[in-house]
Every structure is written in structure tokens, then in C-alpha cells.
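Topology and contacts: notes
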Amino acid sequence: DARVTQTPRHKVTEMGQEVTMRCQPILGHNTVFWYRQTMMQGLELLAYFRNRAPLDDSGMPKDRFSAEMPDATLATLKIQPSEPRDSAVYFCASGSSGYGSGNTIYFGEGSWLTVV
Amino acid sequence: AQRVTQPEKLLSVFKGAPVELKCNYSYSGSPELFWYVQYSRQRLQLLLRHISRESIKGFTADLNKGETSFHLKKPFAQEEDSAMYYCALVGGGTSYGKLTFGQGTILTVHP
């Protein structure tokens with residue numbers, strides 16, 4: 001049963017600290033998404049990649065957030081420095097091709113971040 | 001630009017009653033539309049997609065291009081249907097493969 005794997009599942013950190021979240025997409029998937037979920041904003045797309053290249057990161061605060069795909073099996077989302085308003089659940093999702101394929105986007109279980 | 005609107009943040013029904021979760025979209029081309037469900041503190045799971053025209057857990061959704069809607073329906077709600085439901089759209093062109101979600105609707109089914 002292929003799954004998107006995210007680490008850490010839970011993270012509590014102090015304001016100002018660096019936070020790195022990792023995602024292992026499903027093998028063979030070429031599209032990877034990072035979403036942030038909060039009660040107020042719902043699901044916000046932060047960034048997404050196709051074949052490891054960033055296609056859209058317009059939803060990501062550039063001053064403190066960065067997203068990369070060092071290789072096809074790893075995507076990272078980094079926050080430096082973290083702030084209390086970054087407290088949220090961060091979801092990674094992966095899929096194949098995209099438009100016209102009818103392929104499903106699969107989600108990881110999320111990284112629950114609390115910044116105090 | 002692509003946009004998905006779910007006008008109801010909260011929806012409450014009683015068990016056995018029909019339920020309809022509304023979804024409207026804005027997109028200039030031919031979108032792919034999906035419904036995702038998120039049970040308490042769990043990952044989002046695909047519920048159904050308009051391309052496959054399937055029915056999952058008794059839910060159906062029909063794409064109405066004239067009204068740009070993709071409402072989710074179930075004739076008889078069950079308590080286990082209580083969850084957060086997200087409508088989502090995948091576009092093409094410059095937004096190729098970009099999955100955009102609505103704000104979500106929290107469905108509560110009372111016994």
C-alpha cells in the first residue's frame with residue numbers, strides 16, 4: 001500500500017528556531033505539493049513541483065519559507081526563523097502527471113507544527 | 001486563475017436526511033474536479049472525481065458546466081459521514097497540474 005510519508009508527525013518548537021519538514025512521495029509520482037492547513041484559512045497551497053522543478057511557490061512567504069526537492073524521493077519544507085503564526089498542519093501530497101490523466105493526488109498524514 | 005468556492009463552512013443534518021455540499025468553481029478551460037474527505041485529525045482522502053463518475057460511500061457528484069458547479073450529494077446521511085469535505089480542481093495551461101482547494105465544509109450528522 002503506497003503512501004506519502006511525512007516527518008516529523010508532530011513538532012513543538014520555540015519562536016526563532018529553524019523547522020524542517022520532510023516528505024517522501026509515492027515512488028514514481030512526479031508531482032509534489034506542500035499545503036498548509038489552519039482553521040482560519042483552510043488548505044493553502046504553498047508550493048508544488050513537477051519532476052523536481054518548482055512550478056509555483058507563490059503561496060509561500062519567501063522571507064522565511066523555502067521548499068526544495070533534493071532528489072525524486074525527498075521534498076523538504078523549511079521555515080527559518082519560525083513564528084507562532086506558522087503553527088499549522090503541513091501536508092505533503094504527490095501525484096502523477098496531473099491534468100487530463102485522472103490520476104489521484106495522495107496526501108501524507110501531515111506534520112503538526114506548534115511554534116511557541 | 002482557478003478558484004473553488006464552498007459557500008457553507010458548516011452543515012448539520014440528521015441521520016437519514018439527504019445532504020448536499022455545494023461547490024462552485026471558476027476556471028476558463030475544462031477542469032478536473034474532485035471531492036476529498038478528511039476525518040478527524042487524519043489525512044485527506046480522495047472521495048470521488050468527476051472523470052470516473054463513480055459513487056463512493058453513497059456519495060455522488062455531477063459536474064454542471066453551465067452552472068460551474070460540482071455539488072456533492074448523498075440521499076441518506078450516516079453518522080460516520082461527519083467529516084471535513086473539500087472540493088478541489090486541477091487545471092491545465094499555465095496552472096498545469098495545480099490542485100486548488102475550496103475552503104472546506106464541516107459536515108456533522110446528528111443521530
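Reference entry: report on the structure contained in this document. (Residues numbered from 1 in each chain as written. Chains lettered and ligands numbered in written order. Predicted model: local features only at pLDDT ≥ 70, side-chain atom pairs only at ≥ 80, totals over all residues. Heavy atoms only, no water.)

What follows deals with the packing of aromatic side chains. Here the structure, examined in full by the defined rule, presents 11 aromatic pairs over all chains. Cluster of aromatic residues (ring-pair linked, three or more members): F33, Y35, Y48, F91 and F107 of chain A together with F34, Y36, Y86 and F101 of chain B. Note that R41 of chain B overlies the ring of W112 of chain A, its terminal NZ or CZ placed 4.3 Å from the centroid. (Phe/Tyr/Trp six-rings, centres within 6.5 Å; stacked < 30°, edge-to-face > 60°. Lys NZ or Arg CZ within 6 Å of the ring centre and 35° of its normal.)

Another point: the sheet that holds strand β3 (residues 19–24) of chain A. Residues and elements named next belong to chain A. Strand order in the open sheet made by the four strands is β1-β3-β8-β7, with antiparallel pairing throughout. The open sheet has two free edges, formed respectively by β1 (5–7) and β7 (65–71), since each of these has just one partner strand. Strand-to-strand, the axes of this sheet are offset by a mean angle of 20 degrees, without reference to chain direction. By the bridge criterion, three bridges tie β1 to β3 in an arrangement that is antiparallel. Bridging from a neighbouring strand, T5 pairs with Q24 of β3. (Pairing = 2+ DSSP bridges. Helix = DSSP H or I, 4+ residues; strand = E, 2+ residues; numbered from the N terminus. Axes fitted to C-alpha atoms, helices over the stretch in contact; angles between N-to-C directions.)

Attention now moves to the sheet that holds strand β8 (residues 72–74) of chain B. Residues and elements named next belong to chain B. One open sheet accounts for three strands, arranged β3-β8-β7; its pairing is antiparallel. Only two strands of the sheet have a single partner each, and these edge strands are β3 (19–21) and β7 (60–61). The sheet contact formed by β7 and β8 spans two bridges and is antiparallel. Bridge pairing in β8 links T60 to K73.

Considering all chains together, one arrives at 11 salt bridges over all chains under this definition. For the salt bridge of R85 of chain A with E83 of chain A, the shortest nitrogen-to-oxygen distance reads 2.5 Å. Overall, the relative accessible area of 61% leaves R85 of chain A in the exposed class. Judged by relative accessible area, E83 of chain A falls into the partly exposed class, the value being 24%. Note that K22 of chain B is salt-bridged to E20 of chain B, the shortest N-O span being 3.2 Å. Looking at K22 of chain B, the relative accessible area reads 29%, which means it is partly exposed. The network of salt bridges with common partners includes R3, R9 and E109 of chain A together with R43 of chain B. (Salt bridge = Lys/Arg side-chain N within 4 Å of Asp/Glu carboxyl O. Buried < 20%, exposed > 50% of the residue type's maximum accessible area, 1.4 Å probe, protein only.)

Attention shifts here to the environment of A53 of chain A. All names here are of chain A. Within the secondary structure, A53 is located in strand β6 (residues 53–56). A53 sits in the partly exposed class, given a relative accessible area of 36%. A C-alpha to C-alpha distance of 8.5 Å links A53 and E68, two positions 15 residues apart in sequence.

W35, L72 and Y85 of chain B are the most contacted members of the largest nonpolar core, which has 25 residues in total. Contributions of two or more residues to this core are made by β2 (10–14), β3, β5 (32–38), β6 (45–49), β9 (83–90) and β11 (105–110) of chain B. Sorting elements by how many residues they give to this core places β9 of chain B first, with four residues. Membership of the second largest hydrophobic core comes to 22 residues, among which are V19, M60, Y90 and L113 of chain A. (Core = buried A, V, L, I, M, F, W, Y, C linked by side-chain atoms within 4.5 Å.)

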